[in-house]
Amino acid sequence: MATSTPLLMIPGPIELSPGVLAAAAAPPLGYVSPRLIEAFGRSIERMREVWRSGPSGQPFILAGSGTLAMEVAAANLVEPGDKVLVVNTGYFSDRMTAILRRHDAEVTEVTPRVGEAPAIEGIREILTQKGPFKALFATHVDTSTGVRVPPEPLCRLAREVGILSVFDGVCATAGERFDMAEWGADLYFTASQKAIGLPPGLALMVAGERALAARDARKNVPPLYLDWEAWLPIHRAYEERKPSYLATPATSLVMALETGLAEILENGLEARLETQARAAAAMRAAWKALRLRAVPKTKEVTANTLSVLLFPDGIDAGLLPRIAARGVTVAGGLHPTVKATSFRIGHMGYTATRPDYLRRTVEAVAGALKESGARVDPEEAVAALESGLAVPA
Ligand SMILES: *Cc1c(COP(=O)(O)O)cnc(C)c1O
């Protein structure tokens, strides 16, 4: 049953690739070390590729968690009294609203039922009739519901009505398609420990020209550490491979970032996205074989980076220690509506490239279900996974 190395299959932090692990584990470099500067500069360049932001996108790499990126978004883009719209698909959208309110924004939320994404027409109606709005905020994949919103129509709508579009990609970036330049998104941010596949500790974001201009036009300056204008010269210097300093970067994590982004881009971003999509489809086939239902209501709104599943009748969170006893850690429910009735399995980033990790996870879930009295066939679930993984791209 339990294998020697337990697998961490929660929606972040995730298992690391050997290359990332080695890069993160080397003795820390100083912030003016030429090697660190090179890694920082390359990471900036590679972020533009992973974000598909084009040359005008401005990456920022800050020490902090994903919530810091949310704070930075609000601090640079929102002034007291600004009207903003939050597309609320779960727990992290709730957090975005809370942060925006602390910045004295006037927040309007569009909140569909749990497991659904809102219709674009309803959002258009609010934006055109209850405005003027400054920005639209959406969570690309909400980690509490497993719901993925369609960013492209939201970006295009925001452009059409002349407002900014901001996406929390913390559970999505590098795992779900996002074409920042082509769709015209203004800000897309993530954290290092999710689909990017590093240890926790970096807030990563790319701001477009309109977002930077919105910061420029502010009456009041944001807190220093959150301020894009304070960080711009630092990031420009690093990109020109020159030393610079505002606050000490997380140098070990920057070394890991250089490697992690290179691995994501190794065969092209498209190949990574396809591997991720195939892994997710195979996991869904396994859940179906186990007769597990998911919280997202349709295929269109179901994320590829994680599965948010409902416990079958008669089974509760007591399932989780039984999964853990099989050497795989998964996460409990997070969204208040399904906190006691759902559990969450991350399958993003490096883990999506490892069929053996996926198989161990399916085996652990199937075995734990069977032990809990569910009438399931673990072999059928593994076979469903494997035929899903064998589907050509
Ligand atoms: C994890 C997560 C966050 C918060 O990131 P932290 O690193 O925990 O601060 C925000 N948004 C989404 C969608 C997430 O999945």
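That block above? That's the structure.
What counts and how
Residues numbered from 1 in each chain as written. Predicted model: local features only at pLDDT ≥ 70, side-chain atom pairs only at ≥ 80, totals over all residues. Heavy atoms only, no water. Core = buried A, V, L, I, M, F, W, Y, C linked by side-chain atoms within 4.5 Å. Buried < 20%, exposed > 50% of the residue type's maximum accessible area, 1.4 Å probe, protein only. Domains from an automatic or database assignment. Contact = heavy atoms within 4.5 Å. Helix = DSSP H or I, 4+ residues; strand = E, 2+ residues; numbered from the N terminus. Near = heavy atom within 4 Å. Polar contact = N/O pair within 3.5 Å; in protein donor to acceptor, adjacent residues only side chain to side chain. Areas by Shrake-Rupley, 256 points an atom, 1.4 Å probe, with all protein chains shown as cover. Nonpolar A, V, L, I, M, F, W, Y, C, P; charged D, E, K, R; others polar. 1 Å grid on protein atoms, 1.4 Å probe; cavity = no way out; pocket = protein on both sides within 12 Å on 5 of 7 lines; lining within 4 Å. Points joined across faces, edges and corners; volume = space filled by probe spheres on them. Pairing = 2+ DSSP bridges. Right-handed = clockwise from strand over helix to strand, strands pointing away. Salt bridge = Lys/Arg side-chain N within 4 Å of Asp/Glu carboxyl O. Expected span 1.5 Å × (residues − 1). Disulfide = S-S within 2.5 Å.

Caption draft 1: Inspection of the nonpolar core at higher detail. Counting 98 residues, the largest nonpolar core has Leu100, Phe137, Phe189, Met205 and Trp228 as the members making the most contacts within it. Mapped onto the domain boundaries, this core takes at least three residues apiece from domain 1 (7-14 + 269-389) and domain 2 (18-265). When near neighbours in sequence (up to four residues on either side) are disregarded, Leu100 contacts Ala74, Val78, Val84, Val86, Ala105, Val107 and Phe137. Counting 36 residues, the second largest nonpolar core, distinct from the first, contains Leu309, Ile345, Leu369 and Leu385.

Caption draft 2: Structural detail: the environment of Ile61. Counting through the fold element by element, Ile61 comes out in strand β2 (residues 58-63). Taking C-alpha positions, Ile61 is 29 Å from Ala279, a pair spaced 218 residues apart along the chain.

Caption draft 3: Examining the site of the ligand more closely. Surveying the vicinity of the ligand reveals 14 residues, the closest of which are Ser65, Thr67, Thr143, Asp168 and Lys194. Contact distances for the ligand include 2.3 Å between an oxygen atom and a side-chain N or O atom of Thr143. For the ligand, whose accessible area on its own is 380 Å², the fraction buried by protein is 89%. If you list the elements that add at least two residues to the shell around the ligand, you get α3 (66-77) and α4 (91-102). Here the element with the most residues in the shell around the ligand is α3; it accounts for three residues. Tallied by class, the residues present in the shell around the ligand amount to five nonpolar, six polar and three charged.

Caption draft 4: Spotlight on the layout of surface pockets. Space inside the largest pocket adds up to approximately 260 Å³. Around the largest pocket, the lining is made up of 18 residues, and of these Arg284, Trp287, Leu292, Ala294 and Thr302 lie nearest the centre. Breaking the lining of the largest pocket down by element, the ones donating at least two residues are α11 (269-289) and β11 (306-310). Lining the second largest pocket are 15 residues, and of these Arg148, Glu176, Arg177, Leu273 and Asn304 lie nearest its centre. Mapped by element, the contributors of at least two residues to the lining of the second largest pocket are α6 (151-161) and α11. With four residues, α11 is the largest single contributor of residues to the lining of the second largest pocket. Of the residues belonging to the lining of the second largest pocket, the class tally is six nonpolar, three polar and six charged. Residue contributions to the lining of the second largest pocket reach at least three from each of two domains, namely domain 1 (7-14 + 269-389) and domain 2 (18-265).

Caption draft 5: Layout of the pairing of strand β4 (residues 106-110). In this structure, strand β3 (residues 83-87) lies alongside β4, joined through five bridges in parallel fashion. Paired with Lys83 across the strands is Glu106, a residue of β4. A crossover connection joins β3 to the parallel β4 through α4; in handedness this β-α-β unit is right-handed.

Caption draft 6: Structural context of the pattern of salt bridges. Counting across every chain of the model gives 25 salt bridges. One salt bridge connects Arg241 with Glu38, and the closest N-O pair in it is separated by 2.9 Å. Residue Arg241 is found in the loop between α9 (228-239) and α10 (251-265), and its partner Glu38 is found in helix α2 (residues 34-51); the two are separated by 203 residues along the sequence. One salt bridge connects Glu152 with Arg156, and the closest N-O pair in it is separated by 2.9 Å. Of the two residues, Glu152 and Arg156 both sit in helix α6, four residues apart, roughly one turn of that helix. On the basis of relative accessibility, which here comes to 29%, the residue Glu152 falls in the partly exposed class. Here the salt bridges share partners, and the residues they tie into one network are Arg35, Glu38, Arg42, Glu45, Arg241 and Glu258.

Caption draft 7: Up close: helix α13 (residues 355-371). Over its 17 residues, α13 extends 24 Å from the first C-alpha to the last, a length consistent with the 24 Å expected when each residue adds 1.5 Å. If you check which residues of α13 are buried, you get Tyr357, Leu358, Thr361, Val362, Ala364, Val365, Ala366, Gly367, Ala368 and Leu369. In this structure, the buried residues of α13 make contact with β1 (7-8), α11, α12 (319-324), β12 (328-329), β14 (342-346) and α14 (378-390). In the stretch just after α13, Gly373 is the one whose phi turns positive, near 100°.

Caption draft 8: Local environment of the state of the cysteines. Counted under the stated rule, the structure contains zero disulfides. Among the cysteines around Cys155, which has no disulfide bond, Cys171 carries the closest sulfur, lying 18 Å off. Classification of Cys155 by relative accessible area gives buried; the value is 0%. Residue classification places Cys171 among the buried positions, given a relative accessible area of 1%.

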